[in-house]
Number of protein chains: 2
Amino acid sequence: MRRVNGQPADEIGLNDRGFQFGDGVFRTLRCEGGGLRLWARQYAKLARDCAALGIVAPDEATLLDDIAALEPNDAAVKIVVTRGDSPRGYGVPADCAPNRVVQVAPLPPRPPAEGVRVRWCEMRAGWQPRLAGIKHLNRLENVLARAEWQDAALFEGLLLDRDGHVLEGTMSNVLALSGRVLFTPRLDGGGVAGVMREAMLDLAPQLGIAVRETPMTPAALLAADRLWLCNSLIGLVAVRELAGQHWGAHALDAGVAAALAQLEKDETKWL
Amino acid sequence: MRRVNGQPADEIGLNDRGFQFGDGVFRTLRCEGGGLRLWARQYAKLARDCAALGIVAPDEATLLDDIAALEPNDAAVKIVVTRGDSPRGYGVPADCAPNRVVQVAPLPPRPPAEGVRVRWCEMRAGWQPRLAGIKHLNRLENVLARAEWQDAALFEGLLLDRDGHVLEGTMSNVLALSGRVLFTPRLDGGGVAGVMREAMLDLAPQLGIAVRETPMTPAALLAADRLWLCNSLIGLVAVRELAGQHWGAHALDAGVAAALAQLEKDETKWL
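Quick look at the structure, then. None of the values given here were measured: they were computed from a predicted structure. (Residues numbered from 1 in each chain as written. Chains lettered and ligands numbered in written order. Predicted model: local features only at pLDDT ≥ 70, side-chain atom pairs only at ≥ 80, totals over all residues. Heavy atoms only, no water.)

This part takes up the environment of Leu167 of chain B. Residue and element names in this part refer to chain B. Within the secondary structure, Leu167 is located in strand S10 (residues 166-169). Look at Leu167 and you get buried, because its relative accessible area is 5%. Distance in space between the C-alpha atoms of Leu167 and Ala193 is 10 Å, their sequence separation being 26 residues. When neighbours within four sequence positions are excluded, Leu167 is seen to be in contact with Ala125, Leu159, Leu160, Pro185, Arg186, Leu187, Gly190 and Gly191. (Helix = DSSP H or I, 4+ residues; strand = E, 2+ residues; numbered from the N terminus. Buried < 20%, exposed > 50% of the residue type's maximum accessible area, 1.4 Å probe, protein only. Contact = heavy atoms within 4.5 Å.)

Note on the identical chains: chain A maps onto chain B by a rotation of 180 degrees and an axial translation of 0.0 Å, with an RMSD of 0.0 Å. Expressed as a symmetry operation, the mapping of one chain copy onto the other fits a two-fold axis. (Least-squares fit on C-alpha atoms with pLDDT ≥ 70 in both.)

Here we take up the sheet that holds strand S1 (residues 2-4) of chain B. Pairing is antiparallel across the open sheet formed by seven strands, whose spatial order is S2-S1-S7-S6-S4-S5-S17 (chain B). A single partner strand is all that each edge strand has here, and the edge strands are strand S2 (7-8) and strand S17 (268-270) of chain B. (Pairing = 2+ DSSP bridges.)

For any two aromatic rings, the description comes down to two numbers: the centre-to-centre distance and the angle of the planes. One pass over the full model with this rule turns up four aromatic pairs over all chains. An angle of 55 degrees between the planes, with centres 5.0 Å apart, marks the rings of Phe21 of chain B and Tyr90 of chain B as tilted. Separated by 69 residues along the polypeptide, Phe21 of chain B in helix H1 (residues 17-21) and Tyr90 of chain B in the loop between strand S6 (75-82) and strand S7 (99-105) bring together distant segments of the chain. With a relative accessible area of 12%, Tyr90 of chain B lands in the buried category. It is Arg146 of chain A that lies over the ring of Trp149 of chain A; its NZ or CZ is 4.1 Å from the centre. (Phe/Tyr/Trp six-rings, centres within 6.5 Å; stacked < 30°, edge-to-face > 60°. Lys NZ or Arg CZ within 6 Å of the ring centre and 35° of its normal.)

And the structure:
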């Protein structure tokens, strides 16, 4: 169920810089009925993230061949691209060639339709504009934030940044609807600018919803009419409780869900 | 020349969380004539770093067995400990057991006795107090900072933090002597608190040198009587040029070098 550089494999060399330094990027996406959801956006994001780190991205056709060889039907597809192999040390040898890993796993269950409960994380998200927005392999912050709670009834934890603004969830982006304006944290100091977030920001204007990327306070989040989390695997998920604040159904829920489902269908790449 | 969990191996499983997320720590140390320099400090630091991330550190005896099996004489020994294997996702399964990797490589050449030339990096070091000081596997910042220059005559690049204070080099800690006071950046927001730095801070008072860990401006660094870089592989290295500022020999050079050499001898673990 895995391929490394186009060959079946379950291991990666110890010289791989992904293992040594987290020197690479990754993507996780939904395959449904043999169709890769939002594939063009996923590949474009992978290529952008590689470029931001100075890594040569694999061809789109090469990755599609890798995925097709795993014959996914309904699956979570994960793609990892690292800078390649090198001996010890941060310097990059001239002949360093990227390694690519493609694997499939079962899709996680869809969150409940009535929405999910989330919490504030105690840990603050870090600040590093050079890496902000990139889905790179340096994910210790996410690991430590996710380790803050064990209660299975809590779906996600939200992180504030150094300045006390809301940044993101441990595995999701945050969207807040107030009136007909969709607010989402600006990700210039940290966080991952996910593909589902991007899709939602593109979709909103078609629904008569304005979009604002801006620093957001926790109070602004709690005062929103509707709070959503999103990522490529879970899609768009409503929050029903955060820190004692509860949300019921919203008049725009059905319209937004239908428009997003249509977009995902329109932007599916069939293997 | 490598062992994974006590067995000869050149690869690690794709489920390893070091590869997936950089979810682990590492150490690099000098072995000279079959003696591990500053071993007790190295192991203590590894154990502290593991504890800071909630990873169970391997026993000291287990690691020593791993190293001895590689029969190093003069070598750079690298130890990696990751949280272990898990499927996709940041959550840690209850049965997650650490993976350990031990490998040996040739020692890098000693820097020239007259000192080295260094530069300022353009990239700012990130801020994340939860990870500050820990030698973890999330090292993309170091990789990107090191990629800023190709000139082989430049030995190291120094990073400022978000507030414009000096933090560290891409692979070394910074020590600045002014009069009889040794200054070094406080590492509460980022950086790696290295073992050689620790050894120097312990040694200084014996030489009649006071120690101050404090935020340091670039100007304070440039005004120092003596600037040193240090890490466990290169030891203590004098800076002879930074941004047009030049340093010649210092009256304390020989005394400091002799005291450090003695400490390294006294604190060697023979295999």
